[in-house]
Amino acid sequence: MKLDSQISTISKQSALALDIRSIFWQQWQQYRDYLYCCCVKWMGGNQTDAEDALSRAMLKAWEKVQKYAGEITNFKAWLTTLTHNLCVDIHRERSRGANRVEDI
């Protein structure tokens, strides 16, 4: 009987993983254009940088949603915050790189 319960648990976990995946990608598609517009604004109008930031945000969001799916109550707000923070991080990375070049 223990094996049956383990198989049932594994099946439930697999189904949950599939649900999370399909819900995430559906939600991502729904908000992608909105997030791109935000990225363009936060990256100073540079479309290439905005596309890079959006791609990085997508990967980071997918990584994080697998861990925190049950805790996210407002997916759009969560994605927007994650994306904004990533854009700020990109600006910081670039300013550190610029400072290193000036020091040389």
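Further up the page is the structure itself.
Anyway, here's the lowdown on the structure attached to this text.

Conventions and cut-offs
- Residues numbered from 1 in each chain as written.
- Predicted model: local features only at pLDDT ≥ 70, side-chain atom pairs only at ≥ 80, totals over all residues.
- Heavy atoms only, no water.
- Helix = DSSP H or I, 4+ residues; strand = E, 2+ residues; numbered from the N terminus.
- Contact = heavy atoms within 4.5 Å.
- Salt bridge = Lys/Arg side-chain N within 4 Å of Asp/Glu carboxyl O.
- Buried < 20%, exposed > 50% of the residue type's maximum accessible area, 1.4 Å probe, protein only.
- Core = buried A, V, L, I, M, F, W, Y, C linked by side-chain atoms within 4.5 Å.
- Phe/Tyr/Trp six-rings, centres within 6.5 Å; stacked < 30°, edge-to-face > 60°.
- Expected span 1.5 Å × (residues − 1).
- Arc of directions from axis to C-beta.
- Polar contact = N/O pair within 3.5 Å; in protein donor to acceptor, adjacent residues only side chain to side chain.

Looking at the overall build of the protein chain
Here is step 1: For the protein chain, the helix and strand inventory stands at three helices and zero strands.
Here is step 2: Along its sequence from the N terminus, the protein chain presents helices and strands in the succession α-α-α.
Here is step 3: Counting only contacts in the protein chain whose residues sit at least 6 apart along the sequence, the fraction spanning at least 24 positions is 66%.

Observations regarding the pattern of salt bridges
Here is step 1: This model, assessed by the stated rule, comprises four salt bridges.
Here is step 2: One salt bridge connects Asp 49 with Arg 94, and the closest N-O pair in it is separated by 2.8 Å. Separated by 45 residues along the polypeptide, Asp 49 in helix H2 (residues 47-68) and Arg 94 in helix H3 (residues 75-103) bring together distant segments of the chain.
Here is step 3: Where Glu 93 meets Arg 56, a salt bridge forms, and the shortest distance between an N and an O atom there is 3.3 Å. One end of the pair, Glu 93, is in helix H3; the other, Arg 56, is in helix H2, and 37 residues separate them in sequence.
Here is step 4: Owing to a relative accessible area of 39%, Glu 93 belongs among the partly exposed residues under this scheme.
Here is step 5: You can call Arg 56 partly exposed: its relative accessible area is 29%.

Examining the nonpolar core
As a rule of thumb, soluble globular proteins bury nonpolar side chains together.
Here is step 1: Counting residues in hydrophobic clusters, the biggest one holds 20 residues, and the most contacted among them are Phe 24, Trp 28, Leu 35, Cys 39, Ala 53, Phe 75 and Leu 79.
Here is step 2: Elements with a contribution of two residues or more to this core: helix H1 (2-42), H2 and H3.
Here is step 3: Dropping the residues within four chain positions of it, Cys 39 is found in contact with Ala 50, Ala 53, Leu 54, Thr 83 and Cys 87.

Things to note about the packing of aromatic side chains
Here is step 1: Within the structure shown, the criterion is met by six aromatic pairs.
Here is step 2: With a centroid separation of 5.2 Å and an interplanar angle of 45°, the aromatic rings of Phe 24 and Trp 62 are classed as tilted. In this pair, Phe 24 sits in helix H1 while Trp 62 sits in helix H2, placing the two residues 38 residues apart along the sequence.
Here is step 3: For the pair Phe 24 and Phe 75, a centre-to-centre distance of 6.0 Å together with 85° between the ring planes defines the contact as edge-to-face. One end of the pair, Phe 24, is in helix H1; the other, Phe 75, is in helix H3, and 51 residues separate them in sequence.

Considering H2
Here is step 1: In this model, H2 (22 residues) spans 30 Å end to end at C-alpha, consistent with the 32 Å of a helix rising 1.5 Å per residue.
Here is step 2: Within the span of H2, buried status applies to Asp 49, Ala 50, Ala 53, Leu 54, Ala 57, Ala 61 and Val 65. All buried residues of H2 project into a common sector of 125° when viewed along the axis, lining one side. For H2, the exposed residues set more than 90 degrees away from the buried face come down to Thr 48 and Leu 59.
Here is step 3: Measuring from the backbone nitrogen of Thr 48 back to the side-chain oxygen at the start of H2 gives 3.0 Å, which picks out Asn 46 as the cap.

Purely spatial values, then, with no claim about function.
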